[in-house]
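Each chain is listed here by its residues.
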Amino acid sequence: MTTTAKYLEELRTMESEPLEIITAPKAGKIKFYSAIENLLIESLSGKMLVADFEGMFRFIDPDFRIYDLDQPSPATEAILVDVKEFKSGDATLAQIFLRLSEDLEKIILTPAQILRFCMKWPKHLSQGDCGTLFPTRIGRNYYCFYIYSDSGYYLHVTRLKSDRFDYWSGDYKDPDRPRVVTKRLTAEEF
């Protein structure tokens, strides 16, 4: 069993609350452009914290500290990630991520993987106000890390059940298309 699988199994068997369940009605006509291919995030110890990246981000959402979200992640194996751009559509964050996979566990990245992605490939972050979305789980709850650029990078966090940054709408044009970064699904997971 992989380190990540062991961690997930431990979380599922804990006596506290179960994992948060995220459901949403299907998104109407959300469309994505193809993924940017072959981006590999190497295996990580999980010790990277958001606070360690204050020099990279011009602003870090205070919710990381307020809600104690800046915690070490589980160690992870190397993974491939997909970067998709919105073409058009109307959807909430939950609908966007559930459109990519009905099982969020298959596409989420750990906070450490998200930070590593930002370090390795800042050019793959959306360079406008629309930003880049990353699904993650901290403890038993699902979140979205939202990064946008405006004379520097701004990092926000919101729960998938929240209404903050929750609705995306429109037909997006270059160069300001929102992007979504997720763990790549294998052929068996589609």
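Residues numbered from 1 in each chain as written. Predicted model: local features only at pLDDT ≥ 70, side-chain atom pairs only at ≥ 80, totals over all residues. Heavy atoms only, no water.

### Examining the environment of Ile-60
Logical step 1: Mapped onto the elements of the fold, Ile-60 is located in strand S3 (residues 57-60).
Logical step 2: Setting aside residues no more than four positions away along its own chain, Ile-60 makes contact with Val-50, Phe-53, Glu-54 and Leu-155. (Helix = DSSP H or I, 4+ residues; strand = E, 2+ residues; numbered from the N terminus. Contact = heavy atoms within 4.5 Å.)

### Brief notes about the environment of Leu-44
Logical step 1: Following the sequence through the fold, Leu-44 ends up in the loop between strand S2 (36-41) and S3.
Logical step 2: Overall, the relative accessible area of 12% leaves Leu-44 in the buried class.
Logical step 3: Once the C-alpha coordinates of Leu-44 and Gln-113 are considered, the two residues, 69 residues apart in sequence, prove to be 7.5 Å apart.
Logical step 4: When neighbours within four sequence positions are excluded, Leu-44 is seen to be in contact with Ala-75, Thr-76, Ala-112, Gln-113 and Arg-116. (Buried < 20%, exposed > 50% of the residue type's maximum accessible area, 1.4 Å probe, protein only.)

### Some words on the pattern of salt bridges
Logical step 1: Considering all chains together, one arrives at 7 salt bridges under this definition.
Logical step 2: The closest approach of N and O atoms between Glu-54 and Arg-65, which form a salt bridge, is 2.4 Å. You can see Glu-54 sitting in the loop between S2 and S3 and its partner Arg-65 sitting in helix H2 (residues 63-66), a full 11 residues away along the chain.
Logical step 3: Of the residues examined, Glu-54 reaches a relative accessible area of 43% and is grouped as partly exposed.
Logical step 4: Its salt-bridge partner being Arg-137, residue Glu-105 comes within 2.8 Å of it at the nearest N-O pair. Here the residue Glu-105 occupies a position in the loop between helix H3 (93-100) and helix H4 (111-120), and Arg-137 occupies one in strand S6 (residues 132-138), the gap between them amounting to 32 residues.
Logical step 5: Given a relative accessible area of 11%, Glu-105 falls into the buried group.
Logical step 6: One connected set of salt bridges, linked through shared partners, spans Glu-42, Arg-116 and Lys-120. (Salt bridge = Lys/Arg side-chain N within 4 Å of Asp/Glu carboxyl O.)

### A word on unusual backbone geometry
Leaving glycine out, the prevailing phi sign among residues is negative, and the prevailing peptide bond configuration is trans.
Logical step 1: Of note in this structure, Asp-68 is not a glycine but carries a positive phi near 55°.
Logical step 2: Mapped onto the fold, Asp-68 is located in the loop between H2 and strand S4 (79-88).

### Overview of H3
Residues spaced three or four apart along an α-helix face the same direction, because each turn holds 3.6 residues.
Logical step 1: With 7 of 8 residues buried, H3 is to be regarded as a mostly interior element.
Logical step 2: Along H3, the residues that are buried comprise Leu-93, Ala-94, Gln-95, Ile-96, Phe-97, Leu-98 and Leu-100.

### Thoughts on the pairing of S4
Logical step 1: Within S4, 8 of the 10 residues are buried, which leaves the element mostly enclosed by the surrounding structure.
Logical step 2: Taken together, the 5 bridges between S4 and strand S10 (residues 179-183) define a ladder with antiparallel strand orientation. Its bridge partner being in S10, Val-81 is matched across the sheet by Lys-183. (Pairing = 2+ DSSP bridges.)

So yeah, pure geometry; function would need other evidence.
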